[in-house]
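Coordinate analysis (summary)
Given next are the chains, with one letter for each unit.
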Amino acid sequence: SGAGGSGSAREGWLFKWTNYIKGYQRRWFVLSNGLLSYYRSKAEMRHTCRGTINLATANITVEDSCNFIISNGGAQTYHLKASSEVERQRWVTALELAKAKAVKMLAESDESGDEESVSQTDKTELQNTLRTLSSKVEDLSTCNDLIAKHGTALQRSLSELESLKLPAESNEKIKQVNERATLFRITSNAMINACRDFLMLAQTHSKKWQKSLQYERDQRIRLEETLEQLAKQHNHLERAFRGATVLPANTPGSAGSGKDQCCSGKGDMSDEDDENEFFDAPEIITMPENLGHKRTGSNISGASSDISLDEQYKHQLEETKKEKRTRIPYKPNYSLNLWSIMKNCIGKELSKIPMPVNFNEPLSMLQRLTEDLEYHELLDRAAKCENSLEQLCYVAAFTVSSYSTTVFRTSKPFNPLLGETFELDRLEENGYRSLCEQVSHHPPAAAHHAESKNGWTLRQEIKITSKFRGKYLSIMPLGTIHCIFHATGHHYTWKKVTTTVHNIIVGKLWIDQSGEIDIINHKTGDKCNLKFVPYSYFSRDVARKVTGEVTDPSGKVHFALVGTWDEKMDCFKIQPAVGENGGDARQRVHEAEESRVMLWKRNPLPKNAENMYYFSELALTLNAWEGGTAPTDSRLRPDQRLMENGRWDEANAEKQRLEEKQRLSRKKREAEAMKATEDGTPYDPYKALWFERKKDPVTKELTHIYRGEYWECKEKQDWNSCPDIF
C-alpha cells in the first residue's frame, strides 16, 4: 500500500467510499500534524486537497478486517478500506496516536475542542491563579505590618532627636524630617486601606465569577451532549431513510445487490471531487411517510397525460383561450432541517451541493428568470416615452420590479439540466414571447430572449454564483441584461444585485437585496444609479429601500427615484432651486411632492399564496402543462412535475436518474473530445441549440445571443434537433 513514515505521521493509498455509482475509489491519504487529508493521486498533493478531517475531534471506529470509519460527529465521515488487515491496523494505530497527540495539543493551547481535557486544564489553571493571588495577598499584609512597625520606630527616633540638646539650626531640620515621616505614614495607611478593599472585592467577585463560569460550563456540556444526540439521531434517521430508498436500476423494481444496500449509508455529502459536481443530489433523503415506497421502472415521464403530443397541440388553441390556472397543489407539510444539509457546504458553490427537492419550489431557474417579465407593462410604457430620461425612469422601475417576487420566496428553484428550455408565449394576451435555455451546467448559466410587439427586446445571460457563509447564503448573479427599444434604438444595460438569504441555521429564513445598479443608455449616455439599501435592525429607514438618480451625460440630475423593492417606486422631477446659480442645487422633497409620479406598484399575492410557495399569479401559471412546446421544456421535466404534485420521494429518485443521465452524456462528450485531440481531428465543444456564443457588440463581453428559429420550429412541430434530456 506504499505507506511511509512511522509513529503518528504517515501516507499511502486507501480505498474511500465515494457514492453509490462509483463505490470505493483509490485515494492518496496523508496524515500529519493531527490532520488526515486525501488527494486523487500523489501528484495532486502539490495543488488540490480533496478533503481534510481534524483528528482531535474525530472518532475512529473499526468495522471489519479491512474497513474503518473516521467521523467527526456527522458533518464529515470517511468510510475507508485498507488493502489488508495488517495495513488497516497500521493506519488505525497511527491515527489513534495522532488523535491522542492532537487532543493533548488542544488541551495545552486551551481551545475548547476536547471538553474533558480542557475543563481539566481550566480547573488546574484556576486553582493555580487563586493560589498565587492568595500568596500575593499574604505578602501585602506582611509589608503592611512592616511599614507600620518601621513607621512607629522612625517616629520614636525623631521624637528622641527633638529632646536632645542640639545646636539651634538642627531643630528646623528635625521638624522637616518629622513632617515628611508623617506624610509618608498617612500615604502608607491610605495605600494599605485601598489594598484591603481591593482584596475583599476580589474575594467576593472571584466567588461570583467562579459560580457563573461553572454554570456556563455546565450549560455548554449539556448543549454539546444534546447536539451530539441530535446529530446521532439525525444520522440514524438518514441511514434508515437511505436503507429504504431504492435507487434507479436498469431493471424495473430491482433494488441493487445486498452489498449496495449495506453501503448505502456511506454517501458522504461533503465529498468529493469533480465527479460529484454534476450530481445535484447524490443522496436521496426520503420522507418517513413513505418509507415502504419502492420505485419501479426507470422513467416516470408522461406523469401529466396520456394523450399523444400531436393531439394535444391541436387542442392548444382552445387551451390558450381557457382561463390561466390560479392554484397549484399545496406544499406538503414536511419539515426537514436545512442546516443538516448546509453544514457540509460552508464556503462552497451552491450548484455543487447535493440538495433534495425538499428545499425546492416546483419551478426551474429558467422559469424563475422568465418571472422578470411580470411587470412587462413598464417596458411597454417606456417604449411610448418621447423623452429618453423619462424612459430611463421606467426602465429603472422595471429593474427593481424583478425583485418584488423574492421577498418570501425562500425555496430554491430547480437547477436546469444542460439544454433544458422554457418558453412563454404571451403574444396574444400581453404582446410578448420569451425563450430561455440552459447553456452551461458548471457554472450554471441561462440565456434569455424576450421580444414584444410593443416595441422592445430584453435579453440576458445570467450565471448564478453563490457562497454559503454559515449563517447566511449569498447569491451573486453575474451577467448583463440588455433592453433595446425598436423605435429609437435606445439600448440599456445593467447587472443584478446580490441576494442574501439569512437565518439558515436558526429562525425564519428571510431575504434581502443589497448593492448598486448602474443602468446606462448606450445611445444617449444617460445614466441611472440605483442603491439597494441593506436591511439594518438599527436603521430608522423603511426596510428594503431603493433610491436612485437619473442623470444626463453631463452628470446633471433630472429625476430622483425612491421606493422599496417589494412594494413600489416613485419618481420626482428635479428642478434647480430658484436664486441659486449652482444649476444643480437639489430642491427640497416637499417641493418635489407635486411632481411625484408612481412608476410601479407590486401586484398583490394570490389567495393562499403561503401554501403555494408564495408564488405570484404569473408564477402559478408558468409550470402549467402546455401542448406543442419543445421536448426540452421545463414543464416536461418529470422530477419537477412529481414534486409539484406533492410526490417528493418519487421526485427525489427521478431527480437522481436525470442527473446521472446528464452526467453520462457529459462523460461521453469528454471522451469524444479527448479522442478528437488524440486523432488531431477538429472537435466541436458543447453548443447551445437556440443561442449562439459571440462577442456582444455593446459590452464587448462573450455572451449567448438568440440565433432565432425556435418559434418557426414550434410552428412546424419540428423538434428533431432537440437533445433527449428527460
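To keep things clear, this report deals only with the structure shown in the data block. (Residues numbered from 1 in each chain as written. Predicted model: local features only at pLDDT ≥ 70, side-chain atom pairs only at ≥ 80, totals over all residues. Heavy atoms only, no water.)

**Regarding the pairing of strand β6 (residues 67-71)**
Worth spelling out the cut-off: Residue exposure (1.4 Å probe, protein chains only): buried if accessible area is under 20% of the type maximum, exposed if over 50%, otherwise partly exposed. Strands are runs of DSSP state E lasting at least two residues, helices are runs of H or I lasting at least four, and both sets are numbered from the N terminus onward. Strands pair, by our definition, only if DSSP identifies at least two bridges between them.
Along β6, five of the five residues are buried, which leaves the element largely enclosed by surrounding structure. In the sheet, strand β5 (residues 59-62) pairs with β6 via four bridges, with the strands oriented antiparallel. Across the sheet, N59 pairs through a bridge with S71, a residue of β6. In this structure, the hairpin formed by β5 and β6 is closed by a connection of four residues. As paired strands, β6 and strand β7 (residues 77-81) are joined by five bridges and run antiparallel to one another. Residue I70 lies in a different strand from β7, and its bridge partner there is Y78.

**Overview of unusual backbone geometry**
Put simply, H442 and P443 share a cis peptide bond, and its omega is 0°. Within the secondary structure, P443 is located in the loop between β11 (432-440) and β12 (445-452). Positive phi is not limited to glycine here, since R544 has a value of about 60°. Mapped onto the fold, R544 is located in the loop between β19 (527-532) and β20 (545-551). The partly exposed category is assigned to R544, whose relative accessible area is 26%.

**Observations regarding the pattern of salt bridges**
Here is the rule we go by: The salt bridge definition used is simple: a Lys or Arg side-chain nitrogen within 4 Å of an Asp or Glu carboxyl oxygen.
Taken as a whole, this structure holds 30 salt bridges when the rule is applied. With a closest N to O distance of 3.5 Å, E626 and R635 form a salt bridge. Overall, the relative accessible area of 24% leaves E626 in the partly exposed class. Here R635 falls in the buried class, since its relative accessible area comes to 2%.

**Considerations on the nonpolar core**
Heads up, the rule is: Within this scheme, the nonpolar core is defined by two criteria: the residues are buried Ala, Val, Leu, Ile, Met, Phe, Trp, Tyr or Cys, and they are joined through side-chain atoms within 4.5 Å.
Counting 64 residues, the largest nonpolar core has L458, W494, I519, L530, F532 and L561 as the members making the most contacts within it. For this core, the leading source of residues is helix α10 (residues 388-401), giving nine residues. Core analysis: the second largest hydrophobic core is formed by 19 residues, L31, L36, L80 and V92 among them.

**Observations concerning a nonpolar patch on the surface**
As a reminder of what qualifies: Each patch is built from residues that are more than 30% exposed by relative accessible area and take part in no salt bridge. Like charges join if they lie within 9 Å; nonpolar side chains (Val, Leu, Ile, Met, Phe, Trp, Tyr) join within 5 Å. Reported accessibility uses the Shrake-Rupley method at a 1.4 Å probe radius. Residues are deemed covered only where the shown protein chains occlude them.
A cluster of nonpolar side chains, namely L161, L164 and L166, defines an oily patch on the protein surface of about 240 Å² accessible area. Overall, the relative accessible area of 49% leaves L164 in the partly exposed class.

**Here we look at the packing of helix α9 (residues 377-384) against α10**
We apply this condition: Note on geometry: axes are lines fitted to C-alpha atoms, helical ones only across the stretch in contact, with angles between N-to-C directions running from 0 to 180 degrees. Roughly parallel covers angles under 35 degrees, roughly antiparallel covers those over 145, roughly perpendicular covers 65 to 115, and oblique covers all other angles. Whether two residues touch is decided by their heavy atoms; if any such pair falls within 4.5 Å, the residues are in contact.
Interhelical geometry of α9 versus α10 gives an angle of 170° and a closest axis separation of 8 Å. Classed by the angle they form, the pair α9 and α10 counts as roughly antiparallel. Seen from α9, the contacting residues are L378, L379, R381, A382 and A383; seen from α10, they are Q391, Y394, V395, A397, F398 and S401.

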